[in-house]
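Residues per chain, in single letters:
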Amino acid sequence: MLQLDHVKKSFSGRIVLEIPSFQFHSGIYWLKGPNGSGKTTLLRMVAGLLPFEGNIIFNDVSLQRQPLAYRRMVSWAEAEPLYPLFLTGNELVALYRSIRKTDPRDVDYLTGVLGIDNYIDSPVGTWSAGMTKKVSLLLAFIGSPSLVLLDEPLITLDENALSVVSELIARRCREMQTLFMLSSHQEADMSLLPTGEEILVQDQTLSHAVSI
Amino acid sequence: MQYPYKLLFRSIVRPFYRENLSIFFFLFILFFGVEGEVDGAELWQFHYSLVQGMTRQGGYILVVFAAWGWYAWKCGRFVTGLFRRPEYRWIAIYNDLERSRRFRPLLLVSVWLMLPVLLYGMIVAVIGLYEGFVRPILLVGSWLGMLVVLLAGWQLYRLGNLFGRSTLRIRLPFSSYPAVLLRQVVERQWALWLGLKIFACGAVAGIALNNTDDDYDLCFPFLFFNFGILANGILVYGLREFEETYLSFYRGAARSRAQRLAEYALVYFILLLPELIAIVFLAPVHLHFSDGLLFYCCAYGLVLTMHAVTYLRHFSKKEYFLLLVMIFSVQYFFIAGLGLAAMCGCLLGTAVVSFVAGYYGYERVG
């Protein structure tokens, strides 16, 4: 379970998020809200990338007090990922695997289903946005984290990849009880994962919406 | 100004001077701020004798030509980097123009990019003419003219091959975070790194070689050496910018602060190896072992501090270089009174405290 406790985030004195208390149980959560409502900020805070006031606790591990143990359980993929242009996909995977222990067969499986295997040894600088996006999703899935945060996970993906990623998310959630927090603007994205619960990010806080 | 040129000026020349402001500042201080009086010579006389040396000695002029060539090459690399950015894709429309209409504005852009060198070249020419050295002046003019034309030609080539891959590709056989940072230096900042090493090692060696048992001076070699180390701030800032742009995910990785600090410490240890080697070569004849150790520890502490303070808050380039000037000023107190051992301890302590306190709390705003 992910618990947000008196979480507050401001940028240059302007409060972006102020969440007294909110809980996410295992499952898939779609964060919805207009541009600038704080979806990406919330995801980045939960990923431990942004400082904030208050506390975020996942499975009884506090991000503030046990930053290392917390980070072991969490993975994150950006909406528009950027990686060093000179690195190859394999080098990125090796870097991630040096941080998060994982079975090489899992990586082979993921590169195969995502259709990355034919370009994974080429440098990032030669990839399209969709190719980079697929690799960022692969990296987020490496090591079977318990909490996966994906910002706009389905943008720039082709139709085949859309269904593969949706299936991966659903299966991880079903078999490993992984908690997924995803953000999206598109209704079509949410229809690919009909079991997801919709969370509204608006008026600087979170609220449950009707289940989709 | 014609519109194609005006647009290129704003897209290439302005970003170039904005990005390299720190290097020009460093060079300006190096040439006009540090030396004060050298062997009794006034500042003007010092530069005058430098230019005289350039026009009289063939070997010296070759070194200067190599430095100017290096500068032109750096300009070319900068333009190549700009053309690769997604926000510069529009520049492909220039390929619809005839070759000569593409070349002319690029030639003007090259003149602007080479302006600092051209101005210095003009000073050399005036002094050379005054001294009656016509042949070296013709050489200087031809070399600079060729560099400007070559730079324009390179830009023209890159414009026609916007999506072509770089010919230089270096792979290191391991993937760890320090290796990624070092690769960034190898692939994108090696010329800067090399320049900094040549200066720091050259300064310490050139001055400390005069030291003998009877006439042993510590302050003057350290002052120049330290200034060369401080100039590594340009490299540090570039690395931090690279990290924040391309490696921001790593902040969320399961690595303790101690591990992260150790990774940065390893990176800077490797980047400062030439200074360590220079000090080892100078010891014990020209630099006592204990002094050499203090030199290196101060250098290492300074570089780690320059890195660690960037986590306390986001500094613009201008703010960061003002901070470096402040650090330099504080160092004077240590040199004047407290001593190098105290400076070393203070720098290492500041680095560790700044890193531990700032790392998780850092965010880049704006």
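Let us look at the structure shown here. All figures in this text were calculated on a predicted structure; none of them were measured in a lab. (Residues numbered from 1 in each chain as written. Chains lettered and ligands numbered in written order. Predicted model: local features only at pLDDT ≥ 70, side-chain atom pairs only at ≥ 80, totals over all residues. Heavy atoms only, no water.)

What about helix α12 (residues 257–271) of chain B?
For step 1, the next point in the chain: With 15 residues, α12 of chain B should cover 21 Å at 1.5 Å per step; its first-to-last C-alpha distance of 21 Å lies within 8% of that length.
For step 2, the next point in the chain: For α12 of chain B, the full list of buried residues reads R260, E263, Y264, A265, V267, Y268 and L271 of chain B. (Helix = DSSP H or I, 4+ residues; strand = E, 2+ residues; numbered from the N terminus. Expected span 1.5 Å × (residues − 1). Buried < 20%, exposed > 50% of the residue type's maximum accessible area, 1.4 Å probe, protein only.)

Notes on the pairing of strand β3 (residues 27–32) of chain A
All names here are of chain A.
For step 1, the next point in the chain: The buried fraction of β3 is high, at six of six residues.
For step 2, the next point in the chain: Along β3, one buried face is formed by G27, Y29 and L31 and the opposite face, lined by I28, W30 and K32, is buried too.
For step 3, the next point in the chain: Alignment of β3 against strand β8 (residues 179–183), held across five bridges, turns out to be parallel. Note that in β8 the partner of Y29 across the bridge is M181.
For step 4, the next point in the chain: In this sheet, strand β9 (residues 197–202) lies alongside β3 in parallel orientation, the contact comprising four bridges. In the sheet register, Y29 faces β9, and the bridge partner there is E197. (Pairing = 2+ DSSP bridges.)

Describing the sheet that holds strand β10 (residues 205–208) of chain A
All names here are of chain A.
For step 1, the next point in the chain: The mixed open sheet is built from six strands, whose spatial order is β6-β7-β8-β3-β9-β10. Here the strands that pair on one side only, and so sit at the sheet edges, are β6 (74–77) and β10. Within the sheet, the average angular offset between the axes of one strand and its neighbour, ignoring direction, is 20°. (Axes fitted to C-alpha atoms, helices over the stretch in contact; angles between N-to-C directions.)

Quick notes on a positive patch on the surface
For step 1, the next point in the chain: There is a patch of like positive charges on the surface, built from K6, R10, R14 and R18 of chain B.
For step 2, the next point in the chain: Locating R10 of chain B in the fold gives a position in helix α1 (residues 3–19). (Patch = residues over 30% accessible without salt bridge, like charges linked within 9 Å, V, L, I, M, F, W, Y side chains within 5 Å. Areas by Shrake-Rupley, 256 points an atom, 1.4 Å probe, with all protein chains shown as cover. Salt bridge = Lys/Arg side-chain N within 4 Å of Asp/Glu carboxyl O. Lys, Arg positive; Asp, Glu negative; His and termini not counted. Charge placed at Lys NZ, Arg CZ, Asp CG, Glu CD.)

Quick notes on unusual backbone geometry
For step 1, the next point in the chain: The linkage connecting A283 of chain B with the following residue, P284 of chain B, adopts the cis geometry, with an omega of -5°.
For step 2, the next point in the chain: Here the phi dihedral of T156 of chain A falls at roughly 65°; this positive angle occurs in a residue that is not glycine.
For step 3, the next point in the chain: As for its position among the elements, T156 of chain A is in the loop between β7 (147–151) and α6 (159–176).
For step 4, the next point in the chain: Take T156 of chain A: its relative accessible area is 47%, and that puts it in the partly exposed class.
For step 5, the next point in the chain: For Q177 of chain A, which is not glycine, the phi torsion reads 55° and is therefore positive.
For step 6, the next point in the chain: Take Q177 of chain A: it is sitting in the loop between α6 and β8.

Details of the interface of chain B and chain A
For step 1, the next point in the chain: In this assembly, 31 residues from chain B lie in contact with 29 residues from chain A.
For step 2, the next point in the chain: When chain B packs against chain A, close to 2700 Å² is buried across both sides, 63% of that on carbon and sulfur atoms.
For step 3, the next point in the chain: Inspection of the chain B/chain A interface yields two salt bridges.
For step 4, the next point in the chain: In this structure, K9 of chain A engages E363 of chain B in a salt bridge whose closest nitrogen and oxygen atoms are separated by 2.8 Å.
For step 5, the next point in the chain: Inspection of the region where chain B meets chain A yields six residue pairs in polar contact (both at pLDDT 80 or more).
For step 6, the next point in the chain: Elements with a contribution of two residues or more to the side of chain B that touches chain A: α8 (177–188) and α11 (233–246) of chain B.
For step 7, the next point in the chain: With six residues, the top contributor of residues to the side of chain B that touches chain A is α8 of chain B.
For step 8, the next point in the chain: Of the residues contributing to the side of chain B that touches chain A, the split by class is 13 nonpolar, eight polar and 10 charged. (Contact = heavy atoms within 4.5 Å. Buried area = accessible area lost by both parts, 1.4 Å probe. Polar contact = N/O pair within 3.5 Å; in protein donor to acceptor, adjacent residues only side chain to side chain. Nonpolar A, V, L, I, M, F, W, Y, C, P; charged D, E, K, R; others polar.)

What about the pattern of salt bridges?
Residue and element names in this part refer to chain B.
For step 1, the next point in the chain: In the structure shown here, the tally under the stated rule is 12 salt bridges over all chains.
For step 2, the next point in the chain: R240 is the salt-bridge partner of E243, the closest N and O atoms lying 2.9 Å from each other. With E243 and R240 both in helix α11, this residue pair falls three residues apart, about one helical turn. As far as the burial class goes, E243 and R240 line up, both buried.
For step 3, the next point in the chain: Through salt bridges with shared partners, one network takes in R240, E243, E244 and R251.

Overview of the state of the cysteines
For step 1, the next point in the chain: A complete count under the given rule lists zero disulfides over all chains for this structure.
For step 2, the next point in the chain: C297 of chain B provides the cysteine sulfur closest to C344 of chain B, a residue in no disulfide bond, and the two sulfurs are 4.4 Å apart. (Disulfide = S-S within 2.5 Å.)

Considerations on the sheet that holds strand β2 (residues 14–24) of chain A
Residues and elements named next belong to chain A.
For step 1, the next point in the chain: Taken in spatial order, the four strands of this open sheet run β2-β1-β4-β5, and their pairing is antiparallel. Each of the sheet's edge strands pairs with one partner strand only, and the pair in question is β2 and β5 (61–62).
For step 2, the next point in the chain: With two bridges connecting them, strand β4 (residues 53–58) and β5 associate as antiparallel partners. Looking across to β5, one finds that F58 is bridged to V61.
For step 3, the next point in the chain: Strands β1 (2–11), β2 and β4 of the sheet are contacted by helix α1 (residues 39–46), whose axis makes an angle of about 120° with β1.

Some details on the environment of G48 of chain A
For step 1, the next point in the chain: Positionally, G48 of chain A belongs in the loop between α1 and β4.
For step 2, the next point in the chain: For the pair G48 of chain A and W76 of chain A, spaced 28 residues apart in the sequence, the C-alpha separation amounts to 9.5 Å.
For step 3, the next point in the chain: For G48 of chain A, the contacting residues outside a window of four places in its chain are L63 and R71 of chain A together with R251 of chain B.

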